[in-house]
Amino acid sequence: MRAVIMHAPGDVRVEDVERPTIVEPTDAVIRVTAACICGSDLWPYRGAEPLSRPTRMGHEYIGVVDQVGAGVRDLQVGDFVVGSFVASDNTCEICRAGYQSRCVHQVMMGSVGTQADYARIPLADGTLVKVTGDPTAAQTRSLLAASDVLGTGWFAAVAAEAGPGKTVAVVGDGAVGLLGILAARRLGAERVIAMSRHANRQALARRFGATDVIEERGDPGVERIKELTNGYGAHSTIEAVGTQEAMLQAVHATRPGGHVGFVGVSHGVELDGLELFFSSVHLHGGPAPVRRFLPELVELIMTDQIDPGAVFDLELPIEDAAEGYRAMDERRATKVLLTL
Ligand SMILES: [Zn+2]
């Protein structure tokens with residue numbers, strides 16, 4: 001079967017690899033019907049994360065169950081499913097508290113590699129959510145978005161306590177930031193301030209419900225947010241980048257007592273303790289427990305209440321994955337969908 005393999009920074013190839021099989025009785029194997037390239041795949045692509053050997057890529061997926069292990073109870077061959085980027089049992093105390101991305105039995109799907117014709121899904125009953133009905137093409141794209149970027153943006157908005165009467169600032173105009181805007185509005189936020197300098201991303205931000213767009217970043221960006229909030233700062237801030245600049249921008253843009261939901265994978269971020277102490281903000285983030293939100297997100301998508309699939313602005317066959325990585329790296333594309 002075909003699979004995307006990163007050999008070195010900037011070197012992505014599609015190669016023939018062996019089809020996965022059931023290893024544990026709780027596994028399923030799915031035929032992947034669509035996958036995508038994640039902003040976090042760009043860290044190794046840009047050399048910001050070490051690659052010790054050629055590595056299978058991809059952790060977002062939708063597909064059809066092709067095989068189930070003897071211990072799988074809730075899924076059958078032929079089910080159309082979506083799952084998150086972390087396989088989880090959904091039964092341990094961490095999962096039951098809503099933190100499936102830190103399940104005591106977690107398996108990172110990036111270590112499996114879903115940019116491929118087939119993928120082995122560990123802990124299938126806990127990980128996969130069955131989609132009933134016959135999704136349209138638009139719903140299918142949205143379900144794929146739910147696998148990571150929508151679920152991550154949603155968690156960021158929840159962690160930032162976006163809600164009625166709140167002003168939410170969003171640092172980062174990648175797919176997660178954009179879908180954090182959608183989530184904040186769905187959760188009832190009154191005002192959502194997107195920080196973006198790119199015309200097409202600004203347009204998508206407004207489509208997803210941003211009420212204001214500011215182009216400044218760093219300290220000038222923080223000043224603009226304060227101007228828009230009577231000098232107080234945002235109640236809630238979503239940090240969807242993971243750099244020092246973005247994290248500080250988020251902390252500084254948030255009013256005392258406010259909440260920062262940080263979901264950008266942290267790279268080189270260091271916070272000064274005393275500054276944090278006097279900021280008086282709540283910080284909550286980490287790898288998003290997408291599985292917590294998936295049933296609700298699937299329902300919202302299948303009833304056409306949200307259209308997160310609009311975030312995909314480039315669709316390529318998996319053979320052209322290398323071009324997809326280039327397009328995202330050069331910011332020619334916000335989010336790339338790979339068809340199989
Ligand atoms: Zn668990």
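Residues numbered from 1 in each chain as written. Predicted model: local features only at pLDDT ≥ 70, side-chain atom pairs only at ≥ 80, totals over all residues.

Section: the nonpolar core
Note the cut-off: The term nonpolar core refers to a set of buried Ala, Val, Leu, Ile, Met, Phe, Trp, Tyr and Cys residues connected through C-beta atoms within 7 Å. Partly exposed residues are those whose C-beta has more than 12 but fewer than 20 other C-beta atoms within 10 Å; with 20 or more the residue is buried, with 12 or fewer it is exposed, and the C-beta atoms are placed from the backbone. All domain edges in this entry derive from an automatic or database-based domain assignment.
One finds Ala28, Val168, Val170, Leu179 and Ile181 to be the most contacted residues of the largest nonpolar core, which totals 110 residues. Counting contributing residues per domain, this core is built from domain 1 (2–148 + 289–339) and domain 2 (153–285), each supplying no fewer than three.

Details of unusual backbone geometry
Leave glycine aside and you will find that most residues have negative phi; peptide bonds, for their part, are mostly trans. The line we're drawing: Helix and strand definitions follow DSSP, with helices as H or I runs of at least four residues and strands as E runs of at least two, each counted in order from the N terminus.
Phi is positive for Asn90, which is not a glycine, with a value near 65 degrees. Following the sequence through the fold, Asn90 ends up in the loop between β7 (86–87) and α2 (93–96). Look at Asn90 and you get partly exposed, because 18 C-beta atoms sit within 10 Å. Although it is not a glycine, Asp304 adopts a positive phi angle of roughly 55 degrees. Summarising the element assignment, Asp304 is placed in the loop between α11 (290–302) and β17 (314–317).

As for the sheet that holds strand β15 (residues 254–262)
Quick note on the threshold: Two strands qualify as a pair provided DSSP detects at least 2 bridges between them. An axis is simply a line fitted to the C-alpha atoms; with a helix, the fit covers only the stretch in contact. Between two such axes, the angle follows the N-to-C directions and lies from 0 to 180 degrees.
Ordered by their spatial adjacency, six strands build an open sheet running β13-β12-β11-β14-β15-β16, and the pairing between neighbours is parallel. The open sheet has two edge strands, β13 (212–214) and β16 (282–285), and neither has a second partner. Averaged over all adjacent pairs, the angle separating strand axes in this sheet is 20 degrees, with direction ignored. Pairing geometry for strand β11 (residues 167–171) and strand β12 (residues 191–195), over five bridges, is parallel.

Observations concerning the domain arrangement of the chain
Put simply, the rule reads: In this description, any two residues whose backbone-derived C-beta atoms lie within 7 Å of each other are considered to be in contact. Note on residue classes: Ala, Val, Leu, Ile, Met, Phe, Trp, Tyr, Cys and Pro are nonpolar, Asp, Glu, Lys and Arg are charged, and everything else, Gly too, is polar.
For the chain, the assigned domains read domain 1 (2–148 + 289–339) and domain 2 (153–285). Relative placement of domain 1 and domain 2: their C-alpha centres are 26 Å apart. Across the boundary between the two partners, domain 1 contributes 15 residues, which contact 14 residues of domain 2. Across the side of domain 1 that touches domain 2, the residue classes break down as 11 nonpolar, three polar and one charged.

Section: the sheet that holds strand β2 (residues 11–16)
Spatially, three strands are ordered β2-β1-β4 in an open sheet, and the strand pairing comes out antiparallel. Strands at the two margins of the open sheet, each flanked by one partner only, are β2 and β4 (55–56). Inspection of the sheet shows strand β1 (residues 2–8) paired to β2 by six bridges, in the antiparallel sense. In the sheet register, Met6 faces β2, and the bridge partner there is Val12. Against the sheet, helix α12 (residues 321–329) contacts β1 and β2, and its axis sits at roughly 155 degrees relative to β2.

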